[in-house]
Amino acid sequence: MTAKEHPSLWGFGTTKTFKIPIEHLDFKYIKKCSDVKHLEKILCVLRSGEEGYYPELTEFCEKRLQGLAPTSRALRKDKPAATASSFTAEEWEKIDGDIKSWVSEIKKEENKMHFYETETFTATEDNLPPVRGSNSCPYVGKEKYSKSRPAKKKIPRDYAEWDKFDVEKECLKIDEDYKEKIIVDNKSHLSKIEKKIDTTGLTEKEKDFLATREKEKGNEAFNSGDYEEAVMYYTRSISALPTVAAYNNRAQAEIKLQNWNSAFQDCEKVLELEPGNIKALLRRATTYQHQNKLQEAIEDLSKVLDVEPDNDLAKKTLSEVERDLKNSEPASKTQTKGKRMVIQEVENSEDEGGKGDGEKHEDGSGDNSKTFFLFWLRKELPFYMISWLNFLFVQTFLVYQALSSFALFLLMMQTLTSRTHFPTEAAEPRAMGNIQKKLTGKAEGGKRQARGAPRRGRAAGAGADKRGRPRASATAGGGANGHPGSGPVAGDPAAPPPPAAPAGPAGLKTQGNELFKSGQFAEAAGKYSAAIAQLEPGGSESADDLSILYSNRAACYLKEGNCSGCIQDCNRALELHPFSMKPLLRRAMAYEALEQYGKAYVDYKTVLQIDRGVQLANDSINRITRILMELDGPNWREKLSPIPAVPTSAPLGAWRPTAETTSQQVGHPSSHHQLGMTDEKMFTALKEEGNQCVKDKNYKDAISKYSECLKINNKECAIYTNRALCYLKLCQFEEAKQDCDQALQIDNGNVKAFYRRALAHKGLKNYQKSLTDLNKVLLLDPNIAEAKMELEEITRFLNIKDNTSSFNKQKERKKIEIQEVNESNEEEPERPSEEVSAACLASEKGDKSNGPPEYSEKLQISKPNNAYEFGQVINAINTRKDKEACAHLLAITAPEDLPMLLSNKLEGDIFLLLIQSLKNDLIAKDPSLVYQHLLYLSKAERFKMMLTLISKGQKEKIEQLFDDLSDTSNNHFTLEDIQALKRQYEL
Amino acid sequence: MGAEYGKREGQTVSNVWNLVSRLVFCQGLGGAVAGGEIGWTMSAFEKPQIIAHIQKGLNYTVFDCKWVPCSAKFVTMGNFARGTGVIQLYEIQHGDLKLLREIEKAKPIKCGTFGATSLQQRYLATGDFDGNLHIWNLEAPETPVYSVKGHKEIINTIDGIGGLGIGEGAPEIVTGSRDGTVKVWDPRQKEDPVANMEPVQGENKRDCWTVAFGNAYNQEERVVCAGYDNGDIKLFDLRNMALRWETNIKNGVCSLEFDRKDISMNKLVATSLEGKFHVFDMRTQHPTKGFASVSEKAHKSTVWQVRHLPQNRELFLTAGGAGSLHLWKYEYPIQRSKKDSEGVEMGVAGSVSLLQNVTLSTQPISSLDWSPDKRGLCICSSFDQMVRVLIVTKLHKI
């Protein structure tokens, strides 16, 4: 509703200012009006009193405006300053008393300070940096500058000279520097701030002053959300004078940054300095909560609640923690991916411990202003939380594993021992192998088998009930040995304990297994050790048994937490039996426990090479990958030791016998069948692994994988093309070419093979052949843009080879991003395209620079648009004394622009350079252009000055140029023109 | 208004008046503003209140006032009607001001700072009408500790850094003058400035009205920002000795201040002749667009001064030509920087909100200074020859 819509029907006219219809100055109208601007105008008119004085209407209008736009400028009123009478007596007393007490306090301090005055004065003086300009010449260019004009220092510098600094210095260097500075991200300055304040020779008062100041800076940074900066300033504050408040605030900032450990330490410091500090307790509780020390968190929170039963924040956190505690218990059932977290935000500026406003106020009433942020943090939990959940999850899974193998073992024991007097441990590898198999299956499978097992093991009549739950001792074993690696072991010795165990290694092992089951890991390890000691002299014959014993002992050590022992045993087991899965898994877990994630990763990967289906390994890999990425950044892979390639035969060799022996089992394919299957499986598995490696940019491994594939089947075209890709990435062009040749032999219409061969040819600088291949690619599929681009580039390369002297080509040079052909075939790994193309680009760059070397040497010259650009270019040329480039620059510059481009920067050396390049290069090509340039050069700002400065020899050169110019006949200028111009040049 | 002053102050004041005439000319309406009603709104007592605690009339024109660090004392600087300069040292005692010392000097003193002195020495650096830079020991003010004829004309503005524990690095003083130059001085170097920023020969010399130090977060980094009568703001990088940025806010720049001198440049407030102020977010500099800013029409007349609260950099007080004081709070945007279409970082300005405003006088408030030691304690001087001690309450709650 605006004024225009309401023509003044009543003829009351309008107000003088703003021309508002008079009838708008009305209660009804104002009530309806929602146009803030219009209301402001009405209010202005009403206040001015030009239409009369209506206090009620004015007030009404104000209220209306207040409702619509509380921040409206029209509502701002001039108010007198408040006085004592504006406050209640108590308030005023407080304010006045505050000032009075401060005044008396500061006076005392001041007197104290005078006392120190003379003593400390010199100390501070020494710390000062030198006088600016006396020794600091940060840029070489600057020195040059002042040398060329020694009087410089006295003369005040003008803006232009300030500007000029940029140009005068080595342009490029400064340019980079400047850009760098402009792009600075907001955090870059942090690294440049000193972490400590030098407080030598300062009085306590001054230290306190500094510490408070730094803390305030920290508070401000905290409030503006700059937590890293805040931490920095709190650290500085602490370095000057450690205070409770600074530690406390730093703890809060660290919590914000989720540096739980640092936050925890700060809280500890506070509690050391001031036991029972509520805020520190609260914050420590938060760090406990996130470090999964829920019990401790509860303790701290209850301490807080003891002191302040109404502390909302504490209550809230406590309920959170309790819920966490509950959640974590049944976590085995519900795999929680995310967890609810509470981040407390405590109003930080109130944390001024001790200053002015009392503590009780900041902690008590401050609560209202404290806000809670609840949010879901997916997977950002500390690692152990996840691993713990994982552990529970795996535990349940392995109980099934144990059960199934247990039942199986019973069956076998019965058959074997009844028929032969085969030593007990002979059964061991089978059971183990079986378990290895089983591990590959999902928990589902394990369950099913476990259910089936009792049926088969009925003859044994003991060990398992119908629900698949081992009775008596077995239960203990299952429960205690829930740990992944130990599951199978627990299952192994589940036969009814022989009344008189043989003293031989087999007996010892059985005893060990028994003990292991019952959770006596140390004793079990002892038994295994004894068994090992007996078998050791046997050498290679008992290698299998030894390997198992080591592996079992490793399980014991792992249980005991003796990770290094576990690793050692696993190593021995693996020496005897390379690439057997259990020791690998156990070693991986031990490494993980020792936080040697890189090694753990490698081991898990190896396990996965043996069997992709091991869930435990897959999960662990995911987990560790995340950890490693956090630890080592995006390039974490580079820090890993190489993952040993599992030879095709190794895992199979290890499995086959077991597979054969267990073939009597229901549901297992015959060994024969399996062999046939394996080749195919292996092939696909290897190929997938190869593709995976390509994805991970681990081209070397990919090549070895593909090579393995080819050993199995050398008729697969895709493998060749894939391997060619890897070779290309590694810049092994010759090999790539050969692979492409192979691929083309199999399939002579393979676009990819052609394209890659083209790239290989290009890499080999065989541009002609490359061209042919690219043409074939485009013939087969004219829509491949990358091929077209390549083609363009190759053509250009060829042209350049023919005509290297062509100058202008340089301008056209552009970086061409070579995007790989998007492989639609399913065998091709899908790559994170950006990264790969970048890598691709990098390799391209590599061979480009090898290719036509004259390329990169030259300056890139483009038409300058302003004086600055021109100055940059001309300076760059000047430093190289590159007359050719200068001639080029002049050729592309319009002569009329020259005075503008040179502005006031015409210097002797540049002038000479211009003359020389005109004389050497341009005169022959385009005399009229030379004339034009000379003409306009004479109109440049500092031209006259230049002429007075140049030497005789230089003048002669100019004269020569004019002579040359007059020799060349041209209709663009006459001899008179040249004479006139010569006079300009004072020749 | 200008004529009024001329009469009162006599001949010498014409100098001052040349300086400020342009500013005052634009005040126009200022005098016509009627005093508001006394009526507190409901939320009045939750907001910070500005209390005129002590007022004292002076017998000279006061140009600048500054707290003496670590004390309840402050100095006022100005000129006597007889054309001499004066420095007075006052102390708060029992709710009143006690004159401790009066120092008379040959030339009227326009501006002063304690910014480059140590906490022990507390020497006052002043600039006078003749272009002299002096450093005084207030205990022994007979002869200056340091003296240099720095400028050809009046020194309008002065700022110091490196002292009082504010800003790392050498103690330095920057002066801006009507002669168009901005010079940086190190008290340890006699005679010559350590840096000098002057317009090109032949180019119009602009009157420099305000200077400010900033970005002194370590020993190397330091910038000087200067504001001119034509609305130019220039940011000089002292480390690289280069002009880092410049802009024009269309109207004369009366006052400039970084929210803190001793951190990586965070915010810069520039106040202008026609009643506006601009807040620049100095964290992110775009190669072409420079720094993001927000502007606000604050007063009905010239904004003479801006001063950030030393204890909270997001709060600042502006002093207007019509004797009004406005207390502002800056609020950051959710994201302080964003990428432009080319992927280059550019800053995002936040918003300012008015917390409180009062009118103290009908004459311009020429200077303003927060106590570095006591939160909420403030002094201001105005052209009605008054100096006031103000208390701003409830600042810790914002």
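What counts and what doesn't
The residue numbering used here restarts from 1 in each chain and proceeds along that chain's sequence as written. In the order they appear in the text, chains get letters beginning with A and ligands get numbers beginning with 1. In keeping with the model being predicted, local features are shown solely for residues with a pLDDT of at least 70 and side-chain atom pairs are shown and tallied solely at 80 or more, while totals for entire chains, interfaces and linings include all residues. Only hydrogens and water are set aside when side-chain values are computed; all heavy atoms of the structure are taken into account. UniProt positions are given in the numbering used here, feature names are shortened, and annotations may be inferred rather than shown by experiment. Runs of E in the DSSP output that reach at least two residues are strands. Runs of H or I that reach at least four are helices, and both are numbered from the N terminus. Per-residue accessibility, obtained with a 1.4 Å probe over protein chains only, is compared with the maximum for each type, and a residue is labelled buried under 20%, exposed over 50%, and partly exposed between these values. Residues are treated as being in contact if the distance between any of their heavy atoms lies within 4.5 Å. All accessible areas in this document rest on Shrake-Rupley with a 1.4 Å probe, and a residue is counted as covered only by the protein chains that are shown. Strands are labelled as partners when DSSP assigns at least two bridges between them. Convention adopted: a line fitted to C-alpha atoms gives each axis, helices being fitted over their contacting stretch, and angles between N-to-C directions are expressed from 0 to 180 degrees. A helix is expected to reach a length of 1.5 Å times the quantity of its residues less one. Of all possible arcs, the one meant is that of the directions from the helix axis to the C-beta atoms.

Naming follows an unreviewed UniProt entry, where chain B appears as Dynein axonemal assembly factor 10 of Microcebus murinus. Under the Subcellular location (unreviewed entry) heading, UniProt states for chain B: "Dynein axonemal particle". Quoted verbatim from the Function (unreviewed entry) field of the UniProt record, the comment on chain B reads "Key assembly factor specifically required for the stability of axonemal dynein heavy chains in cytoplasm."

Description of the overall build of chain A
Looking only at helices and strands, one finds 46 helices and 2 strands in chain A. Sorting the 987 residues of chain A into buried and exposed places 48% on the buried side. Look at the contacts in chain A between residues 6 or more apart in sequence, and 64% of them connect residues 24 or more apart.

What about the overall build of chain B?
The secondary structure content of chain B amounts to 2 helices and 30 strands. Taking all 398 residues of chain B together, 69% fall into the buried category. In chain B, the share of contacts with a sequence separation of at least 24, taken over all contacts with a separation of at least 6, comes to 51%. In the form shown here, chain B has an accessible surface area of approximately 12900 Å², with 49% of it arising from carbon and sulfur atoms.

Let's talk about the sheet that holds strand β19 (residues 267-272) of chain B
Residue and element names in this part refer to chain B. One open sheet holds the 4 strands; their spatial order is β18-β19-β20-β21, and the pairing between them is antiparallel. Each end of this open sheet is capped by a strand with a single partner; those strands are β18 (253-258) and β21 (290-297). Recorded for the sheet is a direction-independent mean angle of 20 degrees between the axes of neighbouring strands. Relative to β21, strand β20 (residues 276-286) is paired through 7 bridges, and the arrangement is antiparallel. Its bridge partner being in β21, Val279 is matched across the sheet by Val294.

Here we look at helix α22 (residues 521-535) of chain A
Residues and elements named next belong to chain A. The first and last C-alpha atoms of α22 sit 21 Å apart over 15 residues, in line with the 21 Å expected at 1.5 Å per residue. Taken together, the buried positions of α22 are Phe521, Ala524, Ala525, Tyr528, Ala531, Ile532 and Leu535. Angularly, the buried residues of α22 cover 120 degrees about the axis, an arc narrow enough to put them on a single face.

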